[in-house]
Amino acid sequence: MKDAFNILLPKLARCIQRLSTFAETYKSLPCLGYMHLHITMPAQLTSVGKRACLWLQDLMTDLESFKRSRDSIRFRGVKGTTGTQTSFLALFDGDHSKVEELDRLVMEMAGFDKSYLVCGQTYPRKLDIDCLSVLASMGASVHKICTDIRLLASMKELEEPFEKGQIGSSAMAYKRNPMRSERCCSLARHLMCLVQDPLMTASVQWFERSLDDSANRRVCLAEGFLTADIVLSTLQNITEGIVVYPQVIRRRIDHELPFMATENIIMAMVKSGGNRQECHEEIRILSQQAAAVVKQEGGDNDLIQRFKESNNHRISNQSMMSFLN
């Protein structure tokens, strides 16, 4: 498992480096930020690069968790059938120092620098839980990243790499399905589910050991590391070629910006002497009227024009327009 973590760590680091470059490149490109995507109403502006930093922060946490989990792996050592070293004490005529020296030599020959002081017939199966938990956590990070990419692709704000001659759909020739992100999400879900195996195995290790652990762990641990490997390889491919469409992003901002400016407009009205509740109610009514034009008539967002025509506001048109810049 230590070797497996050593294989995964550089792959995760490469994904972090690629995303760092992407975040730096697009740190100043504004885009719509969401908290309630299901109602398709943006909250405030963020930037493409800032959003990528959310992805990066999760992956950095995973990187630290990988290192911690790898470095916490210990050798069981020569502890005997039930972890008491009784057989070795008998072999060395009760000389504890010789048993401890044997334990140390075997541990070093196996490539470890520390071993468990207390164990049963096997090393504690809690170790398997820890290893698969950090892999599952990384899977959750990748699933979130690739889900965001899939959603943004549906909005046509960005896309994952699309090879020349690649077929997005056998039926619909125009489609550019985010197949790599879809694959990452699919595999990440499998990876997140695998942690259930060691949890259940550890919970039923009766006394010094129950031998129903072996077959299960040989499957779930191998699958966990292999799945994490292909997920990270695919994520690297995605992050090396994300395509951003600034003009689409700009158009979507222009469409929603009047709504997002209402908070600043209300604050300006209150600063000019207005009652906060009355100002909020006025903007609420005008906003819903403008939203009805957009949703029911397919028209443009005319909130600002409605506000200009209102006789109740206490701020100049020039000040109001500054909130849109």
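So, a few notes on the structure that sits alongside this text. (Residues numbered from 1 in each chain as written. Predicted model: local features only at pLDDT ≥ 70, side-chain atom pairs only at ≥ 80, totals over all residues. Heavy atoms only, no water.)

A short note on the pattern of salt bridges
Thinking step 1. All told, the structure shown has 19 salt bridges when counted by the stated rule.
Thinking step 2. The partner of Lys27 in a salt bridge is Glu24, with the nearest N and O atoms 2.9 Å apart.
Thinking step 3. In this structure Glu24 comes out as partly exposed when scored by relative accessible area, which is 48%.
Thinking step 4. Taken together, the shared-partner salt bridges in this structure form one network comprising Glu101, Arg104 and Glu108. (Salt bridge = Lys/Arg side-chain N within 4 Å of Asp/Glu carboxyl O. Buried < 20%, exposed > 50% of the residue type's maximum accessible area, 1.4 Å probe, protein only.)

Things to note about the side chain of Arg51
Thinking step 1. Following the sequence through the fold, Arg51 ends up in helix α2 (residues 48-71).
Thinking step 2. Despite its burial, Arg51 pairs with no opposite charge, the nearest such side chain being Glu157 at 4.5 Å.
Thinking step 3. Contacts of Arg51, omitting those with residues within four sequence positions, involve Cys31, Leu32, Gly33, Tyr34, Thr46 and Leu152. (Helix = DSSP H or I, 4+ residues; strand = E, 2+ residues; numbered from the N terminus. Lys, Arg positive; Asp, Glu negative; His and termini not counted. Contact = heavy atoms within 4.5 Å.)

Quick look at the side chain of Asp62
Thinking step 1. As for its placement among the helices and strands, Asp62 is situated in helix α2.
Thinking step 2. Buried and unpaired, Asp62 has Arg68 as its nearest opposite-charge partner, separated by 9.6 Å.
Thinking step 3. When residues no more than four places from it in sequence are discounted, the contact partners of Asp62 are Leu12, Ser137, Met138 and Ser141.

Quick notes on the environment of Leu191
Thinking step 1. Examined against the element boundaries, Leu191 turns out to sit in helix α6 (residues 179-193).
Thinking step 2. Classification of Leu191 by relative accessible area gives buried; the value is 1%.
Thinking step 3. When the C-alpha atoms of Leu191 and Ser137 are compared, they prove to be 8.9 Å apart, with 54 residues separating the residues in sequence.
Thinking step 4. Beyond its immediate sequence surroundings of up to four residues, Leu191 is in contact with Leu135, Ala136, Met138, Gly139, Gly224, Thr227 and Ala228.

Quick notes on the packing of aromatic side chains
Thinking step 1. Under the criterion given, the structure shown has four aromatic pairs.
Thinking step 2. Centre to centre, the rings of Phe5 and Phe225 are 5.1 Å apart; their planes meet at 85 degrees, and the pair counts as edge-to-face. In this pair, Phe5 sits in helix α1 (residues 2-25) while Phe225 sits in helix α8 (residues 214-239), placing the two residues 220 residues apart along the sequence. Pair check on accessibility: Phe5 and Phe225 agree, each one buried.
Thinking step 3. By the ring-pair criterion, three or more aromatic residues cluster together here, those being Phe5, Phe66 and Phe225. (Phe/Tyr/Trp six-rings, centres within 6.5 Å; stacked < 30°, edge-to-face > 60°.)

Take it as geometry only, folks, not as evidence of what the structure does.
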